[in-house]
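Results of the structural survey
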Amino acid sequence: MRAIIIGVGQCGTKIADLFSLVDFEAIAVNTSRGDLDYLKHIPAERRILIGESLTGGKGVNANPVLGREAMKRDLPLVMRKVSSMVGYEDVDIFFLTFGFGGGTGAGGTPVLAAALKEEYPESLVVAVGALPLKEEGIRPTINAAITIDKLSKVADSIIAIDNNKLKESDEDIARAYEKINYTIVERIGSLLALIDIPGEQTLDASDLKFVLKAFGSFATVGYAKARADQVRSLSKLIERSFESEGLYLEAKVESALYGLVAIHGPPEVLKAKEIFEALDELTGRIKGKQIFRGFYPDSRTRDVEVVTLLSGIYESRSIEEIILTAKGYAKSFMKAKAEAEEKKRELLTGLPDFDDLYPGAEVND
Ligand SMILES: Nc1nc2c(ncn2[C@@H]2O[C@H](COP(=O)(O)OP(=O)(O)OP(=O)(O)O)[C@@H](O)[C@H]2O)c(=O)[nH]1
Ligand SMILES: [Mg+2]
(Lines give C-alpha, C1' and ligand atoms only; values in the text may rest on other atoms or scores of the structure.)
(Ligands and ions follow the chains in the order given, each with its own letter.)
Protein backbone atom coordinates (compact mmCIF):
# COMPACT_ATOMS: atom_id res chain seq x y z
CA MET A 1 0.00 0.00 0.00
CA ARG A 2 1.51 3.30 -1.04
CA ALA A 3 0.06 6.63 0.00
CA ILE A 4 1.47 10.06 -0.74
CA ILE A 5 0.35 12.98 1.41
CA ILE A 6 0.26 16.44 -0.16
CA GLY A 7 -0.45 19.34 2.18
CA VAL A 8 -1.79 22.58 0.68
CA GLY A 9 -1.82 25.86 2.63
CA GLN A 10 -0.85 26.29 6.25
CA CYS A 11 -3.24 23.89 7.91
CA GLY A 12 -2.63 21.26 5.24
CA THR A 13 1.14 21.49 5.36
CA LYS A 14 1.17 21.29 9.16
CA ILE A 15 -0.81 18.06 8.96
CA ALA A 16 1.39 16.72 6.13
CA ASP A 17 4.42 17.58 8.25
CA LEU A 18 3.13 15.33 11.04
CA PHE A 19 2.54 12.53 8.54
CA SER A 20 6.15 12.98 7.49
CA LEU A 21 7.20 12.65 11.14
CA VAL A 22 5.62 9.19 11.24
CA ASP A 23 7.38 8.20 8.01
CA PHE A 24 4.81 8.82 5.32
CA GLU A 25 5.95 10.32 2.04
CA ALA A 26 4.79 13.92 2.15
CA ILE A 27 5.00 17.13 0.12
CA ALA A 28 4.14 20.67 1.25
CA VAL A 29 2.66 23.29 -1.09
CA ASN A 30 1.95 26.85 0.04
CA THR A 31 1.79 30.46 -1.09
CA SER A 32 3.52 31.57 2.09
CA ARG A 33 7.28 31.19 2.29
CA GLY A 34 7.27 31.84 6.02
CA ASP A 35 4.80 29.01 6.69
CA LEU A 36 6.87 26.61 4.57
CA ASP A 37 10.03 27.52 6.50
CA TYR A 38 8.22 26.84 9.74
CA LEU A 39 7.69 23.12 8.97
CA LYS A 40 9.89 20.67 10.85
CA HIS A 41 9.88 17.29 9.17
CA ILE A 42 9.25 17.53 5.43
CA PRO A 43 12.64 17.94 3.74
CA ALA A 44 13.29 21.33 2.12
CA GLU A 45 13.29 19.90 -1.42
CA ARG A 46 9.73 18.71 -0.89
CA ARG A 47 8.40 22.16 0.07
CA ILE A 48 7.01 24.04 -2.90
CA LEU A 49 6.25 27.74 -2.96
CA ILE A 50 3.45 28.56 -5.41
CA GLY A 51 2.08 31.86 -6.70
CA GLU A 52 5.19 33.85 -5.88
CA SER A 53 4.61 36.13 -8.88
CA LEU A 54 1.13 36.77 -7.51
CA THR A 55 1.72 37.24 -3.80
CA GLY A 56 5.46 37.65 -3.32
CA GLY A 57 5.49 34.59 -1.08
CA LYS A 58 3.18 36.15 1.51
CA GLY A 59 0.06 33.99 1.39
CA VAL A 60 -3.31 34.88 -0.08
CA ASN A 61 -5.06 36.21 3.00
CA ALA A 62 -7.99 33.77 2.90
CA ASN A 63 -8.85 34.62 -0.71
CA PRO A 64 -9.50 31.33 -2.54
CA VAL A 65 -9.54 33.03 -5.95
CA LEU A 66 -5.87 33.89 -5.43
CA GLY A 67 -5.23 30.42 -4.01
CA ARG A 68 -6.71 28.86 -7.12
CA GLU A 69 -4.68 31.15 -9.42
CA ALA A 70 -1.47 30.42 -7.54
CA MET A 71 -2.00 26.68 -7.94
CA LYS A 72 -2.90 27.02 -11.63
CA ARG A 73 0.17 29.10 -12.42
CA ASP A 74 2.59 26.77 -10.71
CA LEU A 75 0.85 23.48 -11.38
CA PRO A 76 3.68 22.25 -13.66
CA LEU A 77 6.15 22.81 -10.83
CA VAL A 78 3.99 20.90 -8.35
CA MET A 79 3.26 18.05 -10.77
CA ARG A 80 6.96 17.67 -11.63
CA LYS A 81 7.77 17.32 -7.95
CA VAL A 82 4.99 14.78 -7.49
CA SER A 83 6.18 12.83 -10.51
CA SER A 84 9.76 12.67 -9.29
CA MET A 85 8.51 11.38 -5.94
CA VAL A 86 6.19 8.82 -7.50
CA GLY A 87 8.93 7.33 -9.69
CA TYR A 88 8.10 3.92 -11.14
CA GLU A 89 6.05 2.51 -8.30
CA ASP A 90 2.26 2.98 -8.38
CA VAL A 91 0.58 5.14 -5.80
CA ASP A 92 -2.65 3.74 -4.34
CA ILE A 93 -3.94 6.94 -2.81
CA PHE A 94 -2.99 10.61 -2.81
CA PHE A 95 -4.27 12.23 0.37
CA LEU A 96 -4.57 16.01 0.02
CA THR A 97 -4.63 17.73 3.39
CA PHE A 98 -5.86 21.33 3.73
CA GLY A 99 -8.05 23.74 5.69
CA PHE A 100 -11.45 24.42 4.13
CA GLY A 101 -11.64 27.97 5.48
CA GLY A 102 -8.50 29.68 4.14
CA GLY A 103 -7.40 30.78 0.70
CA THR A 104 -4.49 28.65 -0.47
CA GLY A 105 -5.86 25.28 0.61
CA ALA A 106 -9.48 25.98 -0.28
CA GLY A 107 -8.68 27.52 -3.67
CA GLY A 108 -5.71 25.33 -4.62
CA THR A 109 -6.73 21.84 -3.51
CA PRO A 110 -9.52 21.28 -6.09
CA VAL A 111 -7.15 22.36 -8.89
CA LEU A 112 -4.47 19.94 -7.72
CA ALA A 113 -7.00 17.14 -7.19
CA ALA A 114 -8.20 17.45 -10.79
CA ALA A 115 -4.64 17.43 -12.14
CA LEU A 116 -3.75 14.32 -10.12
CA LYS A 117 -6.86 12.48 -11.29
CA GLU A 118 -5.90 13.21 -14.85
CA GLU A 119 -2.23 12.29 -14.52
CA TYR A 120 -2.75 9.20 -12.31
CA PRO A 121 -6.12 7.71 -13.26
CA GLU A 122 -5.41 4.47 -11.38
CA SER A 123 -4.73 6.24 -8.10
CA LEU A 124 -7.38 7.54 -5.75
CA VAL A 125 -7.46 11.18 -4.74
CA VAL A 126 -8.86 11.66 -1.25
CA ALA A 127 -9.27 15.15 0.18
CA VAL A 128 -8.67 15.43 3.92
CA GLY A 129 -9.83 18.85 5.05
CA ALA A 130 -10.49 20.63 8.33
CA LEU A 131 -13.83 22.42 8.55
CA PRO A 132 -13.68 25.90 10.13
CA LEU A 133 -14.57 26.64 13.73
CA LYS A 134 -17.85 28.48 14.22
CA GLU A 135 -16.11 31.38 15.96
CA GLU A 136 -14.04 32.10 12.84
CA GLY A 137 -17.01 33.87 11.26
CA ILE A 138 -18.70 33.84 7.91
CA ARG A 139 -15.90 33.97 5.35
CA PRO A 140 -14.28 30.63 6.20
CA THR A 141 -17.74 29.06 6.13
CA ILE A 142 -18.35 30.33 2.60
CA ASN A 143 -14.90 29.20 1.47
CA ALA A 144 -15.65 25.78 2.93
CA ALA A 145 -19.04 25.41 1.27
CA ILE A 146 -17.78 26.30 -2.20
CA THR A 147 -14.72 24.09 -1.81
CA ILE A 148 -16.92 21.18 -0.77
CA ASP A 149 -18.90 21.66 -3.97
CA LYS A 150 -15.77 21.73 -6.12
CA LEU A 151 -14.11 18.75 -4.47
CA SER A 152 -17.25 16.66 -4.64
CA LYS A 153 -16.82 16.78 -8.42
CA VAL A 154 -13.18 15.67 -8.57
CA ALA A 155 -12.13 13.78 -5.45
CA ASP A 156 -12.98 10.12 -4.80
CA SER A 157 -13.87 10.87 -1.18
CA ILE A 158 -13.75 13.83 1.13
CA ILE A 159 -12.67 13.11 4.66
CA ALA A 160 -13.99 16.23 6.35
CA ILE A 161 -12.80 16.85 9.86
CA ASP A 162 -14.99 19.12 11.91
CA ASN A 163 -12.70 21.30 14.02
CA ASN A 164 -15.74 22.16 16.18
CA LYS A 165 -16.17 18.56 17.12
CA LEU A 166 -12.58 17.81 18.03
CA LYS A 167 -11.89 21.04 19.88
CA GLU A 168 -12.28 20.78 23.62
CA SER A 169 -14.06 23.83 24.91
CA ASP A 170 -11.64 25.88 27.00
CA GLU A 171 -8.51 25.58 24.85
CA ASP A 172 -6.84 28.39 22.99
CA ILE A 173 -7.06 27.95 19.24
CA ALA A 174 -3.39 27.26 18.49
CA ARG A 175 -3.22 24.46 21.08
CA ALA A 176 -6.55 23.10 19.88
CA TYR A 177 -5.36 22.95 16.26
CA GLU A 178 -2.21 21.18 17.28
CA LYS A 179 -4.14 18.51 19.15
CA ILE A 180 -6.62 18.10 16.32
CA ASN A 181 -3.78 17.64 13.85
CA TYR A 182 -2.27 14.91 16.00
CA THR A 183 -5.63 13.19 16.20
CA ILE A 184 -6.02 13.26 12.43
CA VAL A 185 -2.59 11.81 11.81
CA GLU A 186 -2.92 9.24 14.57
CA ARG A 187 -6.18 7.87 13.21
CA ILE A 188 -5.48 7.94 9.49
CA GLY A 189 -1.91 6.81 10.16
CA SER A 190 -3.11 3.85 12.29
CA LEU A 191 -5.55 2.85 9.59
CA LEU A 192 -2.98 3.00 6.80
CA ALA A 193 -0.44 1.19 8.94
CA LEU A 194 -2.79 -1.80 9.21
CA ILE A 195 -3.25 -2.18 5.46
CA ASP A 196 -1.19 -4.94 3.86
CA ILE A 197 0.39 -6.17 7.07
CA PRO A 198 0.00 -9.75 8.28
CA GLY A 199 -2.92 -10.51 10.60
CA GLU A 200 -5.69 -12.98 11.27
CA GLN A 201 -7.90 -11.52 8.60
CA THR A 202 -6.26 -8.68 6.78
CA LEU A 203 -7.17 -5.61 4.82
CA ASP A 204 -5.34 -4.80 1.65
CA ALA A 205 -4.98 -1.72 -0.50
CA SER A 206 -7.79 -2.79 -2.81
CA ASP A 207 -10.24 -3.01 0.14
CA LEU A 208 -9.33 0.49 1.22
CA LYS A 209 -9.59 1.78 -2.34
CA PHE A 210 -12.96 0.12 -2.78
CA VAL A 211 -14.30 1.86 0.31
CA LEU A 212 -12.87 5.26 -0.59
CA LYS A 213 -13.89 5.25 -4.23
CA ALA A 214 -17.18 6.89 -3.44
CA PHE A 215 -18.01 9.54 -6.07
CA GLY A 216 -16.83 12.51 -4.05
CA SER A 217 -19.06 11.88 -1.06
CA PHE A 218 -17.97 12.22 2.55
CA ALA A 219 -16.03 9.75 4.59
CA THR A 220 -15.20 9.82 8.26
CA VAL A 221 -12.79 7.99 10.46
CA GLY A 222 -13.88 6.64 13.83
CA TYR A 223 -11.68 5.54 16.65
CA ALA A 224 -11.84 3.84 20.00
CA LYS A 225 -9.03 2.70 22.21
CA ALA A 226 -8.82 1.10 25.64
CA ARG A 227 -6.38 -0.80 27.81
CA ALA A 228 -6.87 -4.48 27.14
CA ASP A 229 -7.35 -5.38 30.82
CA GLN A 230 -10.19 -2.88 31.02
CA VAL A 231 -12.13 -4.08 28.01
CA ARG A 232 -15.17 -5.87 29.36
CA SER A 233 -16.96 -6.03 26.04
CA LEU A 234 -15.08 -5.86 22.78
CA SER A 235 -18.28 -5.43 20.81
CA LYS A 236 -19.07 -2.29 22.87
CA LEU A 237 -15.63 -0.89 22.07
CA ILE A 238 -16.17 -1.55 18.37
CA GLU A 239 -19.56 0.11 18.51
CA ARG A 240 -18.05 3.08 20.29
CA SER A 241 -15.81 3.76 17.30
CA PHE A 242 -18.97 4.30 15.26
CA GLU A 243 -20.64 6.58 17.73
CA SER A 244 -20.77 10.32 17.47
CA GLU A 245 -17.91 11.07 19.86
CA GLY A 246 -15.60 8.70 17.98
CA LEU A 247 -16.18 10.22 14.55
CA TYR A 248 -14.55 13.19 12.87
CA LEU A 249 -17.80 14.82 11.97
CA GLU A 250 -21.44 14.86 12.94
CA ALA A 251 -22.67 12.25 10.48
CA LYS A 252 -25.49 9.79 10.16
CA VAL A 253 -23.93 6.34 10.21
CA GLU A 254 -27.02 4.89 8.54
CA SER A 255 -26.38 6.98 5.44
CA ALA A 256 -22.93 5.44 4.87
CA LEU A 257 -22.42 3.17 1.92
CA TYR A 258 -19.40 1.18 3.05
CA GLY A 259 -17.41 0.59 6.15
CA LEU A 260 -14.04 -0.74 7.09
CA VAL A 261 -13.00 -1.80 10.56
CA ALA A 262 -9.52 -2.66 11.74
CA ILE A 263 -8.98 -4.08 15.21
CA HIS A 264 -5.59 -4.36 16.78
CA GLY A 265 -4.88 -5.81 20.21
CA PRO A 266 -3.63 -8.74 22.30
CA PRO A 267 -4.77 -12.13 20.88
CA GLU A 268 -6.69 -13.15 24.03
CA VAL A 269 -8.93 -10.09 23.74
CA LEU A 270 -9.76 -10.32 20.03
CA LYS A 271 -12.54 -12.88 20.38
CA ALA A 272 -14.09 -13.81 17.06
CA LYS A 273 -17.60 -14.16 18.46
CA GLU A 274 -17.72 -10.64 19.89
CA ILE A 275 -16.15 -9.14 16.80
CA PHE A 276 -18.66 -10.79 14.48
CA GLU A 277 -21.59 -9.83 16.67
CA ALA A 278 -20.64 -6.16 16.62
CA LEU A 279 -19.80 -6.10 12.94
CA ASP A 280 -22.98 -7.90 11.89
CA GLU A 281 -25.03 -5.35 13.74
CA LEU A 282 -23.16 -2.50 12.04
CA THR A 283 -23.33 -4.11 8.60
CA GLY A 284 -27.11 -4.16 8.97
CA ARG A 285 -27.17 -0.45 9.84
CA ILE A 286 -25.32 0.98 6.85
CA LYS A 287 -26.75 1.42 3.37
CA GLY A 288 -24.28 -0.64 1.35
CA LYS A 289 -24.47 -3.59 3.81
CA GLN A 290 -20.78 -4.20 3.52
CA ILE A 291 -18.02 -3.79 6.07
CA PHE A 292 -14.46 -4.80 5.31
CA ARG A 293 -12.65 -6.15 8.33
CA GLY A 294 -9.15 -6.73 9.53
CA PHE A 295 -8.06 -8.36 12.80
CA TYR A 296 -4.55 -7.92 14.00
CA PRO A 297 -3.69 -9.97 17.07
CA ASP A 298 -0.48 -8.65 18.52
CA SER A 299 0.99 -10.06 21.70
CA ARG A 300 3.31 -7.07 22.13
CA THR A 301 0.54 -4.58 22.80
CA ARG A 302 -1.52 -3.93 25.92
CA ASP A 303 -4.08 -1.73 24.20
CA VAL A 304 -7.01 -2.57 22.04
CA GLU A 305 -7.44 -0.13 19.21
CA VAL A 306 -10.33 0.05 16.76
CA VAL A 307 -10.11 2.24 13.68
CA THR A 308 -13.12 2.45 11.43
CA LEU A 309 -13.77 4.17 8.17
CA LEU A 310 -17.22 4.98 6.86
CA SER A 311 -17.64 6.22 3.31
CA GLY A 312 -20.34 7.33 0.91
CA ILE A 313 -21.90 9.48 3.62
CA TYR A 314 -24.29 12.13 2.42
CA GLU A 315 -26.09 13.02 5.64
CA SER A 316 -23.98 15.09 7.97
CA ARG A 317 -25.09 17.89 10.24
CA SER A 318 -21.61 19.46 10.22
CA ILE A 319 -21.71 19.74 6.42
CA GLU A 320 -25.35 20.75 6.15
CA GLU A 321 -24.85 23.64 8.57
CA ILE A 322 -21.97 24.98 6.53
CA ILE A 323 -23.78 24.71 3.20
CA LEU A 324 -26.99 26.27 4.51
CA THR A 325 -25.15 29.13 6.24
CA ALA A 326 -23.18 29.82 3.05
CA LYS A 327 -26.28 29.69 0.87
CA GLY A 328 -28.17 32.02 3.22
CA TYR A 329 -25.28 34.45 3.27
CA ALA A 330 -24.80 34.31 -0.52
CA LYS A 331 -28.48 35.05 -1.01
CA SER A 332 -28.53 38.07 1.28
CA PHE A 333 -25.21 39.28 -0.13
CA MET A 334 -26.47 39.12 -3.72
CA LYS A 335 -29.66 40.88 -2.68
CA ALA A 336 -27.76 43.64 -0.88
CA LYS A 337 -25.48 44.03 -3.88
CA ALA A 338 -28.39 44.30 -6.31
CA GLU A 339 -30.07 46.85 -4.02
CA ALA A 340 -26.91 48.92 -3.78
CA GLU A 341 -26.51 48.89 -7.55
CA GLU A 342 -30.11 49.91 -8.04
CA LYS A 343 -29.79 52.70 -5.47
CA LYS A 344 -26.63 53.94 -7.14
CA ARG A 345 -28.30 54.01 -10.53
CA GLU A 346 -31.35 55.81 -9.17
CA LEU A 347 -29.27 58.37 -7.35
CA LEU A 348 -26.84 59.18 -10.15
CA THR A 349 -29.13 59.06 -13.16
CA GLY A 350 -29.77 62.55 -14.51
CA LEU A 351 -26.44 64.09 -13.58
CA PRO A 352 -24.81 66.06 -16.41
CA ASP A 353 -21.19 65.63 -17.51
CA PHE A 354 -18.59 68.38 -16.94
CA ASP A 355 -18.84 69.48 -20.56
CA ASP A 356 -22.53 70.29 -20.16
CA LEU A 357 -21.73 72.81 -17.45
CA TYR A 358 -18.42 74.20 -18.69
CA PRO A 359 -19.15 75.07 -22.31
CA GLY A 360 -16.38 76.39 -24.52
CA ALA A 361 -13.65 74.93 -22.36
CA GLU A 362 -12.65 72.04 -24.67
CA VAL A 363 -8.99 71.28 -24.64
CA ASN A 364 -7.17 70.72 -27.89
CA ASP A 365 -4.62 67.98 -27.81
N1 LIG B 1 -7.29 21.27 12.20
C2 LIG B 1 -6.64 22.40 11.90
N3 LIG B 1 -7.29 23.39 11.29
C4 LIG B 1 -6.59 24.50 10.97
C5 LIG B 1 -5.22 24.65 11.29
N6 LIG B 1 -4.81 25.87 10.86
C7 LIG B 1 -5.87 26.44 10.28
N8 LIG B 1 -6.95 25.61 10.32
C9 LIG B 1 -8.26 25.82 9.69
O10 LIG B 1 -7.99 26.10 8.33
C11 LIG B 1 -8.54 27.34 7.93
C12 LIG B 1 -7.46 28.26 7.44
O13 LIG B 1 -6.69 27.62 6.55
P14 LIG B 1 -5.14 27.91 6.43
O15 LIG B 1 -4.53 26.63 6.09
O16 LIG B 1 -4.62 28.67 7.59
O17 LIG B 1 -5.15 28.90 5.18
P18 LIG B 1 -4.29 28.72 3.87
O19 LIG B 1 -4.79 27.61 3.08
O20 LIG B 1 -2.84 28.73 4.26
O21 LIG B 1 -4.62 30.04 3.07
P22 LIG B 1 -4.09 31.52 3.30
O23 LIG B 1 -3.51 31.61 4.65
O24 LIG B 1 -5.30 32.32 3.09
O25 LIG B 1 -3.06 31.73 2.25
C26 LIG B 1 -9.14 27.96 9.15
O27 LIG B 1 -10.46 28.24 8.79
C28 LIG B 1 -9.06 26.94 10.24
O29 LIG B 1 -10.33 26.42 10.51
C30 LIG B 1 -4.58 23.57 11.94
O31 LIG B 1 -3.38 23.58 12.23
N32 LIG B 1 -5.34 22.49 12.21
MG1 LIG C 1 -1.74 30.56 5.06
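Residues numbered from 1 in each chain as written. Chains lettered and ligands numbered in written order. Predicted model: local features only at pLDDT ≥ 70, side-chain atom pairs only at ≥ 80, totals over all residues. Heavy atoms only, no water.

**Overview of the overall build of the protein**
Summing up its helical and strand segments, the protein has 14 helices and ten strands in all. Each of the three principal axes of the protein carries a C-alpha extent, and together these read 100 × 40 × 40 Å. Taken over 365 residues, the protein has a buried fraction of 52%. Summarising the internal contacts of the protein: among those between residues at least 6 apart in sequence, 77% fall at separations of at least 24. Entry remark: accessible area of the protein is about 18,200 Å², with carbon and sulfur atoms responsible for 52%. Computed over 46 positive and 56 negative side-chain charges, the separation of the two mean positions in the protein equals 2 Å. (Helix = DSSP H or I, 4+ residues; strand = E, 2+ residues; numbered from the N terminus. Buried < 20%, exposed > 50% of the residue type's maximum accessible area, 1.4 Å probe, protein only. Contact = heavy atoms within 4.5 Å. Areas by Shrake-Rupley, 256 points an atom, 1.4 Å probe, with all protein chains shown as cover. Lys, Arg positive; Asp, Glu negative; His and termini not counted. Charge placed at Lys NZ, Arg CZ, Asp CG, Glu CD.)

**Things to note about the domain arrangement of the protein**
Its domain assignment divides the protein into domain 1 (3-193) and domain 2 (218-317). Of note, the centres of domain 1 and domain 2, computed from C-alpha atoms alone, are 27 Å apart. Contacts between domain 1 and domain 2 engage 17 residues on the former and 17 residues on the latter. Contact between domain 1 and domain 2 buries roughly 1,500 Å² in total, counting both sides, with carbon and sulfur atoms accounting for 65%. Together, Lys 165, Arg 187 and Leu 191 form the three largest contributors to the area buried by domain 1 at its contact with domain 2, with a combined 47%. (Domains from an automatic or database assignment. Buried area = accessible area lost by both parts, 1.4 Å probe.)

**Looking at the site of ligand 1**
Lining the immediate environment of ligand 1, one finds 22 residues, of which Cys 11, Ala 62, Thr 104, Glu 136 and Asn 181 sit closest. Between ligand 1 and Gly 105, the relevant distance is 2.7 Å, taken from an oxygen atom to a main-chain nitrogen or oxygen of the residue. Within the side chain of Tyr 177, one N or O atom sits 3.3 Å away from an oxygen atom of ligand 1. Computed on the free molecule, ligand 1 has an accessible area of 640 Å², of which 90% lies beneath the protein chains in the complex. At a threshold of 2 Å from the grid points, most atoms of ligand 1 map onto the largest pocket. Among the elements of the structure, helix H1 (9-21), helix H6 (104-119) and helix H9 (173-193) are those that each provide at least two residues to the shell around ligand 1. (Near = heavy atom within 4 Å. Polar contact = N/O pair within 3.5 Å; in protein donor to acceptor, adjacent residues only side chain to side chain. 1 Å grid on protein atoms, 1.4 Å probe; cavity = no way out; pocket = protein on both sides within 12 Å on 5 of 7 lines; lining within 4 Å. Sits in = over half its atoms within 2 Å of the grid points.)

**Digging into a nonpolar patch on the surface**
The grouping of Ile 138, Tyr 329, Phe 333 and Met 334 at the surface amounts to a nonpolar patch, some 370 Å² of accessible area in total. Take the nonpolar patch: its biggest share by element is three residues, from helix H13 (residues 317-348). Its location among the elements puts Tyr 329 in helix H13. Note on Tyr 329: relative accessible area 33%, which makes it partly exposed. (Patch = residues over 30% accessible without salt bridge, like charges linked within 9 Å, V, L, I, M, F, W, Y side chains within 5 Å. Salt bridge = Lys/Arg side-chain N within 4 Å of Asp/Glu carboxyl O.)

**Remarks on H1**
Across its 13 residues, H1 extends 18 Å between first and last C-alpha, which sits within 8% of the 18 Å expected from 1.5 Å per residue. The complete set of buried residues in H1 reads Gly 9, Gly 12, Thr 13, Ile 15, Ala 16, Asp 17, Leu 18, Phe 19 and Ser 20. Of the surrounding secondary structure, the elements contacted by the buried residues of H1 are strand E1 (3-8), strand E2 (25-30), strand E4 (93-99), H6 and H9. One or two residues past the end of H1 sits Asp 23, with phi positive at roughly 75°. (Expected span 1.5 Å × (residues − 1).)

**Description of the side chain of Thr 13**
Position of Thr 13 relative to the elements: it lies in helix H1. Ignoring sequence-local partners within four residues, the contact set of Thr 13 consists of Gly 7, Val 8, Ala 28, Val 29, Asn 30, Leu 39 and Ile 42.

**Quick look at the side chain of Asn 181**
Relative to the helices and strands, Asn 181 is located in helix H9. Contact partners of Asn 181, with chain neighbours within four places excluded, come to Lys 14, Ile 15 and Leu 18.

**Structural notes on the sheet that holds strand E9 (residues 290-297)**
Spatially, ten strands are ordered E3-E2-E1-E4-E5-E6-E7-E10-E8-E9 in an open sheet, and the strand pairing comes out mixed. In the strand order of this sheet, the two ends are held by strand E3 (47-49) and E9, each with one partner. For this sheet the average axis-to-axis angle between neighbouring strands, irrespective of direction, equals 20°. Relative to E9, strand E8 (residues 258-265) runs parallel, the two being bridged by eight bridges. Bridge pairing links Leu 260 to Phe 292 in E9. Of the strands in this sheet, E8 and E9 touch helix H12 (residues 272-285), which is tilted by about 160° from E9. On the sheet, H13 packs against strand E5 (124-131), strand E6 (157-162) and strand E7 (217-227) and is oriented at approximately 75° with respect to E5. (Pairing = 2+ DSSP bridges. Axes fitted to C-alpha atoms, helices over the stretch in contact; angles between N-to-C directions.)

**With respect to the pattern of salt bridges**
Pairs can form between side chains of opposite charge whenever their charged atoms are close. Throughout the structure, instances matching the rule amount to 19 salt bridges. The closest approach of N and O atoms between Glu 321 and Lys 134, which form a salt bridge, is 3.7 Å. Here Glu 321 is found in helix H13, whereas its partner Lys 134 is found in the loop between E5 and helix H7 (138-154), with 187 residues between them in sequence. Lys 134 gets classed as exposed once you look at its relative accessible area, which sits at 56%.

**Digging into the nonpolar core**
For soluble globular proteins, nonpolar side chains are generally found buried alongside one another. Counting residues in hydrophobic clusters, the biggest one holds 68 residues, and the most contacted among them are Ile 6, Phe 94, Leu 112, Leu 116 and Ile 238. Of all the elements, helix H5 (residues 75-86) adds the most residues to this core, at six residues. Here this core spans two domains, and each of domain 1 (3-193) and domain 2 (218-317) adds at least three residues to it. Aside from chain neighbours lying at most four places away, what touches Ile 6 is Ile 27, Val 29, Val 82, Phe 94, Phe 95, Leu 96, Thr 97, Leu 112 and Leu 116. Judged by nonpolar contacts, the second largest core, of 45 residues, contains Phe 95, Ile 188, Leu 192 and Ala 262. (Core = buried A, V, L, I, M, F, W, Y, C linked by side-chain atoms within 4.5 Å.)

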